[in-house]
Amino acid sequence: MIGARAARREDARLASGRGRYLADHDVAGLCHVAILRSTNAHARLLSIDTDAAVSLPGVVAVVTQADLDAHGARPMTHRLPLPGVQALEWDVLARDRVRFVGEPIAAVVATTRAIAEDALELIVVDDAPLPVVVDPFAALEPDAPLLYPEWGTNEFFRLTVLPPSLADAFAAAPRTRRFRYTNHRVAALPLEGHGAQAAFDPATATLQVLASNQQPHQLRTVIAETCGLSEGSVHVRAPDMGGGFGNKQHFTREECLVALLALTTERPVRWSQDRTEGLTASIHSREQVHDVTVGFDEMGKVVAYRVDVTANIGTPVLYFSGIGPALVTVGALEGAYDFGVVGFDLRCVATNTCPIGAYRGFGQPQAHFASERTLDAIATELGLDPLEVRRRNLLPDTPRPWITGGGARIDVGSLRPHLDELAREFGYDAWRARQEAARASGRLVGIGVSALVQGTAPTQYGVAGRFGSFESASVAVLPDGEVTVAVGSKSQGQGHETTLAQVAAAALGVGIERVTVTDGDTARLAYGMGSWGSRTAVMAGGAVLRAATNLRAKMDRIGSAMQHARGVPVSFDEIAEEAWWHVHRLPAGEDAGLQESVVYTPGNTIPVPDARGHMNFDETFAAHMTAVAVEVDDATGDVHVLDAVLVSDCGVVINPTVVEGQHQGGFAQGLGAVLLEEVRYDDGGQPLTATLVDYTIPEATDVARLRVVHRETPSSVAGGFRGVGEASIIATPAVIAGAVADALAPLGVEITSTRLHPRVLRSALRAAGHSPDVVAFAED
Amino acid sequence: MKQNVKLEVNGTAAEVAVEARETLLDVLREHLALTGVHAGCEQGACGACTVLLDGEPVRSCLVFAVQCEGERVATVESFGSPGALHPMMESFRRHHGLQCGFCTPAMVLTAIALVAEKPQLTEEDVRLALAGNLCRCTGYAGIVDAVLDVARSGE
Amino acid sequence: MKPAPFEYVRPATVGEALGALTGDEGAKLIAGGQSLVPLMALRLARPTVLVDVKDLELDLVGTDAGQVRIGAATPHRRLEHDPVIAHAAPIVREAAGLIGYPAIRTRGTIGGSIAHADPVAELPALLVAAQGSVVARSTRGTREISACDLFAGFLETTLARDELIEEIRLPAAGARHGSSFCEWAPRAGDFAVVGVALLVERAADGPCERIGAAACGIGSVPLDCTEAVERARGENNPTGSLLRDVAARARALVTGDDDRAELLALLMARALSRSFARSDRPREAAA
């Protein structure tokens, strides 16, 4: 079962349209919420007149923050345990100031969404615009408009870690170079937008919440706190989710708003995020600028590496905070490499834009982009092969775990043989020969490579101030031999109903068809930690493995006793029935039943600095080597992927088909992030990409096939699993940028930004003095 | 003010009382409880709302129900059920052509219509025909394999 | 988002439709709705009454005295597959196939696209290049408006608010006709950044007798580019020198946007090359 390409259990209902997503849960008397959102990027709110809106037929309620105050709503806060971070509380609705276009100001509850939107137009807001700042560098200028005047700055958080030996390491380096890399703003864009539906159930005195959220238990905690309820009186269930990608792992004002509206109106209420809300007033990602200083020797070995990160975090009203990815970036600077002495200076800057938060990769893509661009630049300067430069910088094979300067405990296999396997599988030498022939005929063909060590199954503690590194599972064998598994993780499409069933089935020795996995329900487990950060195989897989293994051992004990008594072998089903229904016959000391609850912690993370000042964010690590060949069309700037290979080591693989699907999907998102997508604002903070016509994600015609080759170096955690979901989205922007840079190098074009859209490349080619051949284009 | 609209949905006569501004998408999901059709953008840009109207794929978010008097609508539910999957659905399953499943009903309907219209398909044909159905999870490879498999087996 | 409220009427005759349009300042025609409904969903368009053209039988396609006549409510899918269009106006087939995606083309209509007058849309530019026209009707009578007089600005035509397009007309392809619609867009089905419509009619012995070209995506109305391709008149062969000359003239038509200028130049040269190739020998008569 482990390692089997089992067909997915969830597909029968999803492929036939019987999935039930958030907005598919109709209940009698359901009302709908529409949210009045700021059209100014920065303004003082003077008054909100809701009288006309309240009178519209079909309107049940119109609320502002003053109304929520009256019902006892509590503010939200980021709870970051970081020294020096700005203290910050915010309310579910804006109170007296708005700081980004789209910030929620008021809410209407009505019998239909259409009527609610009619009512929004009747609300009169009187506001006084304030100066706007959208660029993080401009926001750090002394005269910049301040989002929070009480801070005296727009700097939300600064972290500087410069080891004492760094200056000497640079001084001793034969060569030192500086680069600036730009990572532009994108949106994760799950196809199903956010949503929440809530109703107070008087019979049980509980608040029943449905939410399209990757972390249901933690959402329960935050809703309970915001509403002033005990956690036990709030029930959260996340139904089928149409994607998440981290974008749905925060705890949003809208989710708390829905809970409060259910309590105040005493009606069931639903809010479904529409696409414009999703693109402009939800959560954006990635925007960082890296100023890199690298010291290296004549062999291309990096001996000193400093990255100054300026991270735009938008308006930081997001729990858990959007600085999480920036913290991961500075913790993942070396990735697969040993760069000698490493330091960083991180500034997280607030601006009048939508909050920045999680997106698959969570800060690792930016760190990886910097390391890969830098190594390529070193290779170019020294006239060395980029693959060879990587070899020379890879982590040594021993010791394991490899402890980095910051304390990360990297337990991956040997990386040089892994990189060699990539070169073989990709046919690196053959591609270089093809490239030479192509260049001779004037074609812009380039090759990019990436060596990635990815942190997986991280602890959330450092970015949330609570929530440990664990996962819960409850496995039971019912009297008829059927197996139920409840987990605290939450699938958004990754196939957990199948992969976790495979784990349970393997440990119990039954067919997968006998196992049913459920997730996302706070009523079934006391606490769980959801799915994000490539954690589920490691954490939920480990918990299920433990629980199922314990159950199997118990069944063996009972079965052995039964066999001894009867003199014939007994079946799985007979043991199950015995354990529940004939308990007087069980061996002495054996409890009745077959049910095992496990809260599993691998134990490798160090979420706060230990005695040595070390922190380790990840329970385990995975390694992925990627190579691509591209051709750049010199007339249109289109980038065509000619070949793409990923050699993937995510430890013991539960289901290779699922892993390949994760890699192919992440590859598509990575391509989109560099070739097609950008969230844009004008200088006044007005969003310019508010529809899917402006924000263009990859279509079926835009995504080449990524060939995946599997390598398995078992991890040291239960099952030998490693995480994998984020691997290709981390690698792809870097490897595509490397290939485009390689393709355009003969023309003198340098690539230091994730912006590789056709228009950008056309402009770069023109600036380099290159003109496409009109006749060749005409006759094509 | 509501108008009565009579249409045929999945082979059965249906009559709904609707406001003019209710789209076919709204009516299918909210009046007829056919939630297999999904709202991905309500602006005609993602394809998740695709249904068959008189046999042809349309974006149900861009059609008002009142425009559909007397017409035939087919949604994903009429093409298969969890216990009896349509061959296209089964092919999606076999080739890992879905992950979260949100785009899938629309993708399946578009693919069924495509194969019916043009049985000989290249990979390029398939990708172009499905270009208007956005998927954020799969990266499309499994979807393309699923459609080509059905086309090649002549089902 | 959900549209603002409106009333819906479905008249049985053009006369009734015109009455509905004239009778209400906020009345608007709806054909396929593929351009209008997204605007309504965003509440950028707020008609008070939608007048459906569905029952007005405005979807006849035919040729008549050297002209192709296309009913305004003909969907793009029909333009892609109709044999009359394929023979008498092949550029219409080519352009229609570039519009959005199959589901869009099932509903969207030629009349709707032209009346909507989006400067990045293919069909308005095509109509200008082909020197076509629309037949428009109101309660005040019927008139024919040339394409060059039709497009007034961004999403704006010279049609009166209560005027309805009945049909679109363009010259039927001659014996040695060649045409091409070329565009560049970031993704398949996206609105073009720049698109070019180009048509040639060649004499029986080869030289180009008539030529017309227009572009979408440049400015707020279709850009007539005939002056850039004039030099091809009298030519029998799209030589490298001719192509480069045409490209340079096309480039010079655009100021203040180097990127669009360059794309226009390239696409004009390609459209010219293809139009000549497609008119290399006399066409077969229609079946």
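Residues numbered from 1 in each chain as written. Chains lettered and ligands numbered in written order. Predicted model: local features only at pLDDT ≥ 70, side-chain atom pairs only at ≥ 80, totals over all residues.

1. Re the overall build of chain B
Within chain B, the regular secondary structure consists of 5 helices and 5 strands. When the helices and strands of chain B are read in sequence order from the N terminus, they spell out β-β-α-β-β-β-α-α-α-α. Computed over C-alpha atoms, the radius of gyration of chain B comes to 15 Å, within 12% of the 15 Å expected from 2.2 N^0.38 for 155 residues, which places it in the range of a compact globule. The principal-axis extent of the C-alpha atoms belonging to chain B is close to 50 × 25 × 25 Å. Each of the 155 residues in chain B was classed as buried or not, and the buried ones make up 67%. When contacts within chain B are restricted to residue pairs at least 6 apart in sequence, those whose partners lie at least 24 apart make up 60%. (Helix = DSSP H or I, 4+ residues; strand = E, 2+ residues; numbered from the N terminus. Rg over C-alpha atoms; globule rule 2.2 N^0.38 Å. Buried ≥ 20, exposed ≤ 12 C-beta atoms within 10 Å, placed from the backbone. Contact = placed C-beta atoms within 7 Å.)

2. Side note on the sheet that holds strand β1 (residues 2-9) of chain B
Residues and elements named next belong to chain B. Taken in spatial order, the 5 strands of this open sheet run β2-β1-β5-β3-β4, and their pairing is mixed. Each of the sheet's edge strands pairs with one partner strand only, and the pair in question is β2 (12-19) and β4 (56-59). The sheet shows a mean angle of 45 degrees between the axes of neighbouring strands, taken without regard to direction. Strand direction decides the pairing type here: strand β3 (residues 50-53) and strand β5 (residues 72-74), joined by 2 bridges, are antiparallel. Within β5, the position partnered with L53 by the bridge is V73. In the packing of helix α3 (residues 104-117) onto the sheet, the strands contacted are β3 and β4, and the crossing angle to β3 comes to about 40 degrees. (Pairing = 2+ DSSP bridges. Axes fitted to C-alpha atoms, helices over the stretch in contact; angles between N-to-C directions.)

3. Some thoughts on the domain arrangement of chain B
Residue and element names in this part refer to chain B. When cut into domains, chain B gives domain 1 (2-77) and domain 2 (80-152). Placing the centre of domain 1 and that of domain 2 at their C-alpha centroids yields a distance of 21 Å. Each partner contributes residues to the interface: domain 1 has 13 residues there, and domain 2 has 11 residues. Only β3 and β4 provide two or more residues apiece to the side of domain 1 that touches domain 2. For the side of domain 1 that touches domain 2, the element with the most residues is β3, which contributes 3 residues. Its residues assigned to classes, the side of domain 1 that touches domain 2 shows 8 nonpolar, 4 polar and 1 charged. (Domains from an automatic or database assignment. Nonpolar A, V, L, I, M, F, W, Y, C, P; charged D, E, K, R; others polar.)

4. Digging into the sheet that holds strand β6 (residues 97-98) of chain A
All names here are of chain A. Reading across the sheet, the 3 strands line up as β6-β2-β8 and stay open at both edges, with antiparallel pairing between neighbours. A strand with exactly one partner marks an edge of an open sheet, and here the two such strands are β6 and β8 (124-129). Judged from the 2 bridges that link them, strand β2 (residues 43-49) and β6 form a sheet pairing that is antiparallel. Of the residues in β6, the one forming a bridge with R44 is R97.

5. Section: the interface of chain A and chain B
Between chain A and chain B, the residue contacts involve 45 residues of the former and 46 residues of the latter. Per-element tally for the side of chain A that touches chain B: the top contributor is helix α19 (residues 656-675) of chain A, with 6 residues. Its residues assigned to classes, the side of chain A that touches chain B comprises 18 nonpolar, 15 polar and 12 charged.

6. Side note on the pairing of strand β3 (residues 59-63) of chain A
Residues and elements named next belong to chain A. Burial within β3 is extensive, with 5 of its 5 residues counted as buried. For β3 and strand β7 (residues 104-110), the ladder comprises 4 bridges, and the chain directions are antiparallel. Counted as the bridge partner of V63 is A107 from β7.

7. Section: the interface of chain B and chain C
Listed by partner, the interface residues are 22 residues for chain B and 25 residues for chain C. Looking at the side of chain B that touches chain C, the elements that each hand over two or more residues are β4 and α4 (123-129) of chain B. A per-element tally of the side of chain B that touches chain C places β4 of chain B first, with 4 residues.

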